[in-house]
Amino acid sequence: MQGLRKENFHCILLDVKNRMIRDVKISEGTLTASLIHPRESFRNAVRESAAAVIFIHNHPSGDPNPSREDIAVTEKLEKAGETLGIKMLDHIIVADGGFTSMLEKGYIGGK
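Residues numbered from 1 in each chain as written. Predicted model: local features only at pLDDT ≥ 70, side-chain atom pairs only at ≥ 80, totals over all residues. Heavy atoms only, no water.

What follows is about the pairing of strand β1 (residues 8–14). Burial of β1 is extensive: seven of the seven residues sit out of reach of the surface. The two faces of β1 match: Asn8, His10, Ile12 and Leu14 on one face and Phe9, Cys11 and Leu13 on the other face are all buried. Across seven bridges, β1 lies against strand β2 (residues 20–28) in antiparallel orientation. When the sheet's bridge partners are listed, Leu14 is paired in β2 with Met20. (Buried < 20%, exposed > 50% of the residue type's maximum accessible area, 1.4 Å probe, protein only. Helix = DSSP H or I, 4+ residues; strand = E, 2+ residues; numbered from the N terminus. Pairing = 2+ DSSP bridges.)

Here you go:
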């Protein structure tokens with residue numbers, strides 16, 4: 001996803017052993033934003049009976065640090081996953097300057 005000129009938001013669907021079922025593109029946005037809503041984000045995970053998901057999106061700016069919006073949407077996605085019984089393992093931001101794991105930063109798992 002590095003080098004893309006627009007924000008893209010993907011959901012990696014995982015089975016009960018955390019093996020990838022498939023990679024689903026949820027949305028493509030603009031240079032600085034992508035529309036992310038829990039309903040669309042989990043649609044394929046529910047349809048394909050995924051046990052867990054990893055969300056990933058890119059920052060075309062090259063800066064992998066999360067914005068306030070990234071943090072807020074991560075919290076919403078985690079709550080939605082809990083309600084649906086689908087574990088959100090991570091939300092990763094990819095950029096030319098590296099990547100950020102929202103799990104490692106403590107934004108997932110109630111840290």
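Right, picking up where we left off after that structure.
To continue, consider the packing of helix α1 (residues 38–47) against helix α2 (residues 68–84). Two elements in contact, α1 and α2, have axes whose closest approach is 10 Å; the angle formed by their N-to-C orientations is 40°. When the axes of α1 and α2 are compared, the pair comes out oblique. Of the two elements, α1 crosses α2, and the hand of that crossing is right-handed. In this structure, α1 contributes Pro38, Ser41, Phe42 and Val46 to the contact, and α2 contributes Lys76, Leu77, Ala80, Gly81 and Leu84. Its residues placed into classes, the contact of α1 with α2 shows six nonpolar, two polar and one charged. (Axes fitted to C-alpha atoms, helices over the stretch in contact; angles between N-to-C directions. Parallel < 35°, antiparallel > 145°, perpendicular 65-115°, else oblique. Left-handed = near helix turned anticlockwise from the far one by under 90°. Contact = heavy atoms within 4.5 Å. Nonpolar A, V, L, I, M, F, W, Y, C, P; charged D, E, K, R; others polar.)

With that out of the way, let us pick up α1. By the burial criterion, the buried members of α1 are Pro38, Ser41, Phe42, Asn44 and Ala45. The buried side chains of α1 occupy one side of the element, clustering within an arc of 155° when seen end-on. Exposed and oriented more than 90 degrees from the buried face of α1 are Arg39 and Arg47. For α1, the secondary structure elements touched by its buried residues are β1, β2, β3 (52–58) and α2. Looking at the residues trailing α1, positive phi occurs at Ser49, about 55°. (Arc of directions from axis to C-beta.)

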